[in-house]
Amino acid sequence: MAKRQFKTESKKILDMMINSIYTHREIFLREIISNSSDAIDKLHIKALEDPSVGKSKEDFRIDIKVDRDARTITVTDNGIGMTAEEMDKNLGCIAHSGTLEYKENLGDDADSEAIGQFGVGFYSAFMVADKVTVISKAYGSETANKWESSGPDGYSIKECERDGVGTDVIMHIKEEEDGEEIDDFLETESIRELVKKYSDYIRWPIHMTVDESEWEETGEKDEEGKPKKELVTRKVDKVVNSMVPIWRQSKEDAPDEKCIEFYQSTFHDYEKPTGLLRVSAEGSISYKALLFIPARTPFDFYTREYKAGLQLYSNGVMIMDHCDDLLPYCFRFVRGVVDSPDFTLNISREVLQHDRQLQAVGSYLTKQVKKELARILEEDREKYESFWHSFGKIIKYGTVDGYGKDSELLKDLILFRSARDDKYVTLAEYVKGMPEGQEKIYYVSSDSVAHAKALPQAEPVFAKGYDVMVFDDEIDTFVTNILREYEGKKFCNITSDDLGLESEEDKKEAEKKDEEFKEVTDFCKETLGDAVAEVKISRKLKSHAVLLSTQGGVTFEMEKYFREMPGNEEEGIKASRVLELNSEAPVFQTLRDAIGSDKERAADIVRVMYGQACLMAGQPLDDPVGYSDLVLRMI
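Here goes a summary of the coordinates provided. Keep in mind the model is a prediction, meaning the values are calculated, not measured. (Residues numbered from 1 in each chain as written. Predicted model: local features only at pLDDT ≥ 70, side-chain atom pairs only at ≥ 80, totals over all residues. Heavy atoms only, no water.)

For the rest of this paragraph, the subject is the side chain of D476. The topology assignment puts D476 in helix α15 (residues 475-483). Other than its neighbours up to four places away in sequence, D476 contacts K396, F416 and F471. (Helix = DSSP H or I, 4+ residues; strand = E, 2+ residues; numbered from the N terminus. Contact = heavy atoms within 4.5 Å.)

Dropping the structure here:
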């Protein structure tokens, strides 16, 4: 029969499909197996409706044969088959899908798990093959037909012989300069691995002839009179796919222990997960999900090399190994699978980002992850705190990310250290434990609870019987800037904000001191110059002589955070420093006297007080050697 031309701009579409739609050549096998599964689905449904078909579910199978010498891979099924007209229609027209049309004709209530949607999957075979031959005999037909093509130049169809109904897809594997990679597809074990990776849960058995070795007795005996054994390797017909995915099984058939084993083997984690979620949804989009919350961070979790995301399946066929668009960034640690008959094999990142149904799936799964974490927090505090040690940072980053778009989702999951009790507390627990009269949530940035307790700024807060949350991560201050308040209680940084503890009488007394000691504060500001934005009489200090605080929106922690960002080592966002003086401290009176009698000595006292304030605040000295010499000289 004369060669026929494809019914579309075949070369352009075929080239685009091969080079753009599919990133990895190995998925060709997934597509061909999926087509075979569709064909069996169709004949299975016909057999259920018409007993004269004479086939039961146990009769159906898919076979894969690798012939290295002939450089062919053959995928065979005993499904519905195709007539010459159907071959011309389905294989001769790229982007025509017989499966899609079949599903539309069946209606929404039909019991079909057909996978194909766009009709381009078959042509992925040309990513690895220079010639594809399809031999098929349709159910009810007396003759078989052969479709053959070497690519965009066209195809031919002619009658041939075939025993029984079904289809053979024979792919002749290319020989290329990078043939070593192509030749991998001619290894039986490589094909077997691809089946396990992409098609393990196709519901029809996939058979392959594989080598299996076992020790057998030879009939002879060794010197000790024991039977001799030899390793014998035989070709064995074996089903190489699991067929029923664990996430489609009931809890009775797949208890938690079995799911945990699946998690550990699939995601290579020797520890049991902190949480396990089973989701089964029916509606405008139906899907099942099996999600896991790991107990520890993978070694590369905070690197660019880490691949986040869930595995996506369509009727048991893997279509994406790392889909990171379903769950928000803050839950990138979640592992698991999502399977839906409504997902297409050709799903892409662009589709994910704009498909409303998929967005709805992601939104629901996000809520379920939050719900599971909240449950663990309430029912197993020790387990949650262990999880927090591993993933707390990503939760806090998620709170800040996108100008706080996920802050409402995450705020009840955040833990901070209590300075009073030296234990973790949630924001809800802190607010619940606030004494009557406390109007603010107090916090301080510090590397430890002990250091936080020793800070001068903490004295007046503790004196009131109030607790202080300890922020030991640079991101913590950004979190409070995003949240601003919790249950109507505003956050208060004890090193830079107004504590709100002064009475009206206290405020009037403080204003008098500001005026009384203006000469001292002005002298200090003049001495220190641009090193500080302001010098003032402190309203926080009790037993300490000085402290260094900030004013404005930038704290010391923010300054450090921005300084450590790549490219900001030299110049970055700076906090406005404020030197606060305790007018009741003996050194203050010494300074005041020196201003009136020896301004040079007074200036040295100011520099020492500023240096001490920097050290107490954990800030580096501009000139450590000069400061040391000054202290020793004054001694």
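Okay, back to it.
Our focus in this paragraph is the packing of aromatic side chains. According to the stated counting rule, one finds 25 aromatic pairs in the structure shown. Taking 4.9 Å as the distance between ring centres and 85° as the angle between the ring planes, the aromatic pair formed by F301 and Y302 counts as edge-to-face. Under the relative-accessibility criterion, F301 is labelled buried at 1%. When the ring of Y443 is compared with that of F471, the centres are 4.4 Å apart and the planes differ by 15°; the resulting orientation is stacked. With a gap of 28 residues between them, Y443 in strand β16 (residues 440-445) and F471 in strand β17 (residues 469-471) connect regions that are remote in the sequence. Each member of the pair, Y443 as well as F471, is classed as buried. Feature note: the residues F301, Y302, Y306, F331, F333, Y384, F387 and F391 constitute an aromatic cluster, connected by ring pairs. (Phe/Tyr/Trp six-rings, centres within 6.5 Å; stacked < 30°, edge-to-face > 60°. Buried < 20%, exposed > 50% of the residue type's maximum accessible area, 1.4 Å probe, protein only.)

As enumerated under the stated definition, the model contains 39 salt bridges in all. For the salt bridge of D514 with R539, the shortest nitrogen-to-oxygen distance reads 3.5 Å. Of the two residues, D514 is situated in helix α16 (residues 504-516) and R539 in the loop between β20 (534-537) and β21 (546-551); the sequence distance between them amounts to 25 residues. Judged by its relative accessible area of 30%, D514 is partly exposed. (Salt bridge = Lys/Arg side-chain N within 4 Å of Asp/Glu carboxyl O.)

Look at helix α2 (residues 28-49): 32 Å from first C-alpha to last across 22 residues, which is about the 32 Å you get at 1.5 Å a residue. Counting buried residues in α2 gives 18 out of 22 residues, a clear majority hidden from the surface. (Expected span 1.5 Å × (residues − 1).)

Pairing within the open sheet is mixed, and its three strands lie in the order β20-β22-β21. The open sheet has two free edges, formed respectively by β20 and β21, since each of these has just one partner strand. Each adjacent strand pair in this sheet contributes to an overall mean axis angle of 30°, direction not counted. Of the strand pairs in this sheet, β20 and strand β22 (residues 576-581) are connected by four bridges, and their pairing is parallel. (Pairing = 2+ DSSP bridges. Axes fitted to C-alpha atoms, helices over the stretch in contact; angles between N-to-C directions.)

A separate point is the sheet that holds strand β3 (residues 129-137). Strand order in the open sheet formed by eight strands is β5-β4-β3-β6-β2-β1-β7-β8, with mixed pairing between adjacent strands. The outermost strands of the open sheet, each flanked by one partner alone, are β5 (155-160) and β8 (227-239). Each strand axis lies, on average, 25° off the axis of its neighbour in the sheet, ignoring direction. Taken together, the three bridges between strand β1 (residues 62-67) and strand β7 (residues 206-221) define a ladder with parallel strand orientation. Looking at the pairing, I64 lines up with M208 of β7. The sheet strands contacting α2 are β1, β2 (72-77), β6 (166-173) and β7, and the helix crosses β2 at an angle near 20°. Across the sheet, helix α6 (residues 188-198) touches β1, β2, β7 and β8, and the angle it forms with β7 is around 125°.

Turning next to the packing of helix α9 (residues 356-379) against helix α10 (residues 381-404). It is at 5 Å that the axes of α9 and α10 come closest, and there the two elements cross at 125°. Looking at the two axes, α9 sits oblique to α10. Side by side, α9 and α10 meet where L373, I376, L377 and E379 of the first sit next to R381, K383, Y384 and F387 of the second. For the contact of α9 with α10, a count of residues per class yields five nonpolar, no polar and three charged. (Parallel < 35°, antiparallel > 145°, perpendicular 65-115°, else oblique. Nonpolar A, V, L, I, M, F, W, Y, C, P; charged D, E, K, R; others polar.)

The contact between α15 and helix α18 (residues 556-563) brings their axes to 8 Å, and the two run at 120°. Of the two possible hands of crossing, α15 and α18 adopt the one that is left-handed. For the pair α15 and α18, the contacting residues are T477, F478 and N481 in the first and E557, M558, Y561 and F562 in the second. Here the contact of α15 with α18 is built from residues that sort into four nonpolar, two polar and one charged. (Left-handed = near helix turned anticlockwise from the far one by under 90°.)

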